[in-house]
Amino acid sequence: MRWPGLVLTCLGLLYLSENVHGLAVMSIDLGSEWMKIGIVSPGVPMEIVLNKESKRKTPIAISFRDGERLIGEDALNVGVRFPAACYSYFLDLLGKKLDNPMVKLFQQRFPYYNLVEDDARGTVLFKHDSETYYSPEELLGMILSKARDFAQDSSRQPVKEAVITIPPFFNQAERRAVINAAELAGIKVLQLINTNTAAALNYGIFRRKDFNESAQYMLLYDMGASSTVATVVSYQIAKMKEKGIVETNPQLTIHGVGYDRTLGGLEMQIRLRQFLAKSFNDMKKTQTDIFSNSRSMAKLFKEAGRVKNVLSANADHYAQVEGLLDEKDFRVQITREQFEKLNEDLFNRVKGPIQQALDAAGMTMDVIDQVLLVGAGTRVPKVQEKLQEFLNRELGKSLNTDEAAAMGAVYKAADLSTGFKVKKFVTKDAVIFPVLVDFEREADNEDGTKTLKIIRRTLFSHMNNYPQKKILTFNKHVDDFTFYVSYGELPVSKEEAIAVGSPNITKVELSGVASALQKHSNEGESKGVKAHFTMDDSGILSLSLVEAVFEKNTTEDSETVRDTLSKLGTAFSNLFTGTPDEIPKPEPESADNSQEATEPDASGKGEEGEKSKDQKDDIPTNDTENKSEGSKTPDNQNTTTPTTNTTTPEKKPKVLLVKEVLGSEIQVLDVSPLDGEKFQKSAEKLKILNEHDRVRALRERARNALETFVIDMQTNIYTEQYEKAVTEEEKENILKTCSEISDWLYEEGSDAVKTVYEDKLKSLKLLTKDLLDRVREHKDRPDALEALDNMLNISMGFLDTSKSLSPEEQLFTEVELTTLEKLVTETFTWRETKLKEQENIPLSTMPTLTVRSIAEKIDALDREVKYMVNKARVNKLNKAKDEAKKKESENKTDEAKEKEEKVTKNKTEPEEESINSPEADIFEESPGASETVKDSPDNETDKVNPSKSKTDSDDSHTEL
């Protein structure tokens, strides 16, 4: 697919400038096995970034060996020989504690890693050696930093902003961990976007013209390396109000999501690895158990991945590894049938995520218009077969299974960036894990005593759309109190609920409640404590504000100062906008009269029966429902109507909302974020590694330059060109020096610093400078002579043509012609003389007929010919101008004669006919002259509507 042209025509990406730097933004599609990088930069629409191997995807792998850090393909090569030194598939460890089932599964799959617990955070650490530990956030930070390097190499400018894709089932701790990793890499995260949403966006942006007001429902089925996600999504044209302007844009809405976090290509590859290992043991080629050898298991894991991919297109294939264990080779035939039997239970789980997604959306397959496949795992024939059996319909394969999420995310990055403008495509994602708020409140017992009761309120329910803001009101608390934010009842299996991790998210302790109540006790009625929550575009929940709200009744007299300012503003407004009657009066402030519907608790029961209608409290509301706060007047406080017996109306009572911000201390309960001193230590660790890599890259570049020069010289000196140009003494000296440097490079010079390599290269270039100059002269001289011959031919042809012109046509003086002729003759003579001299000089001596001297002669001829050509052009233009002036003068003479005859004729006519004089003609042709004619219909119209000309003028100005 031709992405650049398609994006320009369909998306309308408008760039601010072709030469603007620092505007590029990228997307990083994080998978368990691979990452794909998208880029948008000035002049370059959406495209996938190539890595240094010119591939479109890069393995997520990092190795540390002999003081060197490698990332990507190089790391995998190290991992085959030293599997414990290469870290991969660590994305599943983000934001998890050591006792999490997913961590234990990781240890079973890759037993050669030494996982330990972080004493401070309780999270996972890779123990590399006795002194070195790496957290998953640090490893991911290295991957993201390398992704930025690839993007910067592609766009040739700095890249600081990115949209990063994550699995939709990432919880709050996992999402925070990704943000921490990006901060370690120095990347500003514009948004975390779920992979299913990014792929759905990629499908929609190229088909925006196909959507209308009626919703079209699609099912996206994404099977990747580690997990499988099914998504019910709708596309439609929707109206929305933004900044006071109603716009119509296409909208993507997530309605249902189902997933299986262990169903993917990795599990199939692990099972095939185990099968191959068992097959090798059964061959009895060695007494050593292959399962005890990490290096052999790493080789089989790599081979299992290759065979799995081949079996997607072939019925059978051979798995083979040379020197697998104890120098014994391994080769066995694997059929697709065997592979499918190994993973039979996995294929039976293929339909599970689809049913979950449909149940979450409350839909059936009858309303689904199309099924789209995403992810490399959907290429497995058995997966497609199971999907068709369950869905009984054709599977859509119009999306690029590998790059759909990266392309959708980079579109979102361009949309969020300030440097680009794209056609709007609204996305509404959905909450998978419901969020609740728990708190304690005193309740009255029948015997008059009070007990603490735990109250639970649903803040974000399952499949609530986000981004969204909500407000939770606490009405019955008169002292400082604490509430907890946690996950509600998860719509997943018990095993999956354990994998999600701790159900508790944060603990919030509020302070200042009692003092705020005491401060405003005599001023108004308390409307409770309002906690403002935000679920942002990245799906991260935060508490943005906690405030105590009071309702204060007041009159106009008590607000004299405030009203005075309002009146002053109105008076100034009247000066420019009209009379006072035209100015709308400000609406009085009032109490919070928004609609607050009681949310059910975790058991599905509300609290309607526990309190009277006027005592409802602790109710979560959408932020949009509270926008009317302070803008309405209650019914019991309407303005009193004046009677006929009074001359002054009664004072209008008003309701003023007083808000006071409360203190809040938030304690993270699930997984402590990487912040403070811990973050600084990790950032310093990555900084040292990056600096080491930079120095190493410069050193390797200098070493490669020296090694390349030595090899080229040792090879070229025996070629025909060099053999003719070098003396025996030079040849012997150069070969001796190259041999010494070559021996030094492969012995003690392998770890030298950059400056040593550069110094040796300079000395070698100085030694070979004369030889290389002679070789270059002999190589380039024929082309230079050919150019000189062409210039001589052109000059002589121009000279002959100029001499052949007649005296009337001649454009040049005798001196100019003589000068050019002399220069041509001298150049030709110099060429012949130098050629004869050069024939008598050996090729091993510096030539007298150099390329530079030939170029100087060419330049001299070129300057002289260009001078004469420009002079001829100028003369031709001057002649054309003279002829034009002469013709214009003749025309003016004819017009003067006609005017003189007309004046003479007018003198013989009566005085009253003088209206036909030349002055009268000029006046009629002048603008506005027709308005003096009173009988003109247009003029009558202007009289009736005198503002017509003004309106036309204003409209014209506006259009301009």
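Right above here is the structure, for reference.
Throughout this document, residue positions are counted from 1 along each chain, in the order its sequence is written. Under the rules for a predicted model, residues below a pLDDT of 70 receive no local features and side-chain atom pairs below 80 are neither given nor counted, while totals for whole chains, interfaces and linings still include all residues. Note: side-chain values were computed over all heavy atoms of the structure, leaving out hydrogens and water.

Draft legend 1. Layout of the overall build of the chain. The way it works is that DSSP assigns letters per residue, a run of H or I at least four long becomes a helix, a run of E at least two long becomes a strand, and they are numbered from the N terminus. The helix and strand tally for the chain stands at 26 helices and 32 strands. Counting every position in the chain, which comprises 960 residues, the buried fraction comes to 44%. Residue pairs at least 24 apart in sequence account for 71% of intrachain contacts in the chain once pairs closer than 6 positions are excluded. Just so you have it, the chain exposes about 52,300 Å², and 49% of that area is on carbon and sulfur atoms. A simple rule labels every residue: compare its accessible area, found with a 1.4 Å probe on the protein chains alone, to the largest value its type can have, and call it buried under 20%, exposed over 50%, or partly exposed in between. Residue contacts are counted whenever heavy atoms from the two residues lie within 4.5 Å of one another. Shrake-Rupley sampling with a 1.4 Å probe provides the accessible areas, and residues are treated as covered by the protein chains on show and by no other component.

Draft legend 2. Highlighting the packing of helix α17 (residues 676-716) against helix α20 (residues 754-767). To obtain an axis, a line is fitted to C-alpha atoms, over the contacting stretch when the element is a helix, and the angle between two such axes runs from 0 to 180 degrees between their N-to-C directions. Where α17 contacts α20, the two axes come as close as 8 Å, and the packing angle between them is 25 degrees. Classified by the interaxial angle, the pair formed by α17 and α20 is roughly parallel. The interaxial crossing formed by α17 with α20 has left-handed handedness. Of the residues in α20, those in contact with Leu-698, Arg-699, Ala-702, Arg-703, Ala-705, Leu-706, Phe-709 and Val-710 of α17 are Lys-754, Tyr-757, Glu-758, Lys-760, Leu-761, Leu-764 and Lys-765. Grouping the amino acids of the contact of α17 with α20 by side-chain chemistry returns nine nonpolar, no polar and six charged. We call two directions roughly parallel when the angle between them is under 35 degrees, roughly antiparallel when it is over 145, roughly perpendicular when it lies between 65 and 115, and oblique otherwise. With the far helix as reference, a near helix turned anticlockwise by less than a right angle produces a left-handed crossing, and one turned clockwise produces a right-handed crossing. Residues are sorted three ways: Asp, Glu, Lys and Arg are charged, Ala, Val, Leu, Ile, Met, Phe, Trp, Tyr, Cys and Pro are nonpolar, and all the rest, Gly among them, are polar.

Draft legend 3. Representation of helix α21 (residues 769-803) in the model. To estimate how far a helix should reach, multiply one less than its number of residues by 1.5 Å. The terminal C-alpha atoms of α21 lie 48 Å apart, and with 35 residues this matches the ideal 51 Å at 1.5 Å per residue to within 8%. Given a residue, its bend is the angle between the two axes fitted to the seven residues that end at it and to the seven that start from it. Along α21, the largest kink reaches about 40 degrees and is centred on Arg-781; proline Pro-782 follows within four residues of it.

Draft legend 4. Representation of the pairing of strand β10 (residues 124-127). Sheet analysis places strand β9 (residues 115-117) next to β10, joined by three bridges and oriented antiparallel. Note that in β10 the partner of Val-116 across the bridge is Leu-125. Two strands are counted as paired when DSSP detects at least two bridges linking them. Hairpin connection of β10 to strand β11 (residues 133-134): five residues between the antiparallel strands.

Draft legend 5. The arrangement of the packing of aromatic side chains in detail. Only the six-membered ring of Trp is used, alongside the rings of Phe and Tyr, when aromatic pairs are assigned; centres must lie within 6.5 Å, and planes under 30 degrees apart are stacked while those over 60 apart are edge-to-face, with the rest tilted. Here the structure, examined in full by the defined rule, presents 28 aromatic pairs. With a centroid separation of 6.4 Å and 80 degrees between ring planes, the pair formed by Phe-211 and Phe-425 is classed as edge-to-face. Placement of the pair is Phe-211 in the loop between α6 (195-205) and β14 (216-223) and Phe-425 in the loop between β20 (420-421) and β21 (426-430), with a sequence separation of 214 residues. Considered together, Phe-211 and Phe-425 belong to a single accessibility category, that of buried residues. Here, over-ring charges are defined by two tests on the NZ atom of lysine or the CZ atom of arginine: distance to the ring centre within 6 Å, and angle to the ring normal within 35 degrees. Its end group placed over the ring of Trp-34, Lys-57 keeps NZ or CZ at 4.5 Å from the ring centre. Above the face of the Phe-460 ring, Lys-470 is positioned so that its terminal group lies 5.2 Å from the ring centre.

Draft legend 6. Representation of the sheet that holds strand β7 (residues 68-71). Taken in spatial order, the three strands line up as β7-β6-β8 in an open sheet, and their pairing is antiparallel. Because the sheet does not close on itself, it has two edges, and the strands there are β7 and β8 (86-88). On average, each strand axis in the sheet is tilted by 15 degrees relative to the strand beside it, whichever way the strands run. Inspection of the sheet shows strand β6 (residues 61-65) paired to β8 by three bridges, in the antiparallel sense. Looking at the pairing, Ile-62 lines up with Tyr-87 of β8. Against the sheet, α17 contacts β6 and β7, and its axis sits at roughly 90 degrees relative to β7.

Draft legend 7. Fine view of the side chain of Glu-138. Considering the arrangement of structural elements, one finds Glu-138 in helix α4 (residues 136-155). Its relative accessible area of 5% is what places Glu-138 among the buried residues. When neighbours within four sequence positions are excluded, Glu-138 is seen to be in contact with Tyr-133, Leu-184, Ser-682, Lys-685 and Leu-686.

Draft legend 8. Representation of the pairing of strand β15 (residues 228-242) within the structure. With respect to burial, β15 is a largely interior element, 11 of its 15 residues being buried. In this sheet, β15 lies alongside β14 in antiparallel orientation, the contact comprising eight bridges. Its bridge partner being in β15, Asp-222 is matched across the sheet by Val-229. Hairpin geometry of β14 and β15 is characterised by an intervening segment of four residues between the two adjacent antiparallel strands. Pairing geometry for β15 and strand β16 (residues 245-260), over 15 bridges, is antiparallel. Residue pairing in the sheet places Met-240 in a bridge with Glu-247 of β16. Linking β15 back to β16 in an antiparallel pair, the connection comprises two residues, with Lys-243 at a positive phi of about 55 degrees.

Draft legend 9. Representation of the nonpolar core. If you look at the biggest cluster of nonpolar residues, it comprises 134 residues, and the most contacted ones within it are Phe-90, Leu-140, Leu-144, Phe-483 and Phe-533. Of the residues forming this core, the biggest block, nine residues, is contributed by helix α13 (residues 404-416). Sequence-distant contacts of Phe-90, that is, excluding residues within four places in its chain, are made with Ile-60, Ile-62, Phe-106, Phe-126, Pro-136, Leu-139, Leu-140 and Ile-143. Met-268, Ala-304, Val-350 and Leu-395 belong to the second-largest nonpolar core, a separate cluster that totals 42 residues. Here, the term nonpolar core denotes a set of buried Ala, Val, Leu, Ile, Met, Phe, Trp, Tyr and Cys residues that are joined through side-chain atoms within 4.5 Å.

Draft legend 10. Fine view of empty space enclosed by the protein. Using only the protein atoms, space was sampled on a 1 Å grid; points where a 1.4 Å probe fits but cannot get out form cavities, open sets with protein on both sides within 12 Å along at least five of seven lines form pockets, and lining residues are those with an atom within 4 Å of a point. Grid points are joined across faces, edges and corners, and a volume is the space filled by probe spheres set on the points. For the structure shown, the criterion picks out six cavities of 30 Å³ or more. One number sums up the size of the largest cavity: a volume of about 130 Å³. Residue composition of the lining of the largest cavity, by class: 10 nonpolar, three polar and one charged.

Draft legend 11. Just the packing of α21 against helix α22 (residues 814-839), in detail. Taken N-terminus to C-terminus, the directions of α21 and α22 make an angle of 155 degrees; their axes are 10 Å apart at the nearest point. Taken together, the axes of α21 and α22 are roughly antiparallel relative to one another. As α21 packs across α22, the resulting crossing turns out to be left-handed. Between α21 and α22, the contacting residues are Arg-781, Leu-785, Leu-788, Asp-789, Leu-792, Ser-795, Met-796, Phe-798, Leu-799, Ser-802 and Lys-803 on the first element and Leu-817, Leu-820, Glu-821, Val-824, Thr-827, Phe-828, Trp-830, Arg-831, Leu-835 and Gln-838 on the second.

Draft legend 12. Structural view of a negative patch on the surface. Exposure above 30% relative accessible area and the lack of any salt bridge qualify a residue for a patch; like charges then connect within 9 Å, and the nonpolar side chains Val, Leu, Ile, Met, Phe, Trp and Tyr within 5 Å. We define a salt bridge as a contact between a side-chain nitrogen of Lys or Arg and a carboxyl oxygen of Asp or Glu at a distance within 4 Å. Charged residues are defined narrowly, with Lys and Arg counted positive, Asp and Glu counted negative, and His plus the chain ends left uncounted. All charge positions are set by atom: Lys at NZ, Arg at CZ, Asp at CG, Glu at CD. A surface patch of like charges, here negative, comprises Glu-740, Asp-743, Glu-747 and Glu-748. Along the polypeptide, Glu-747 turns up in the loop between α19 (728-745) and α20.

Draft legend 13. Just the environment of Lys-866, in detail. If you trace the backbone, Lys-866 turns up in helix α23 (residues 851-907). For Lys-866, a relative accessible area of 49% gives the class partly exposed. Taking the C-alpha atoms as reference points, Lys-866 and Ser-795, 71 residues apart in sequence, are found 10.0 Å from one another.

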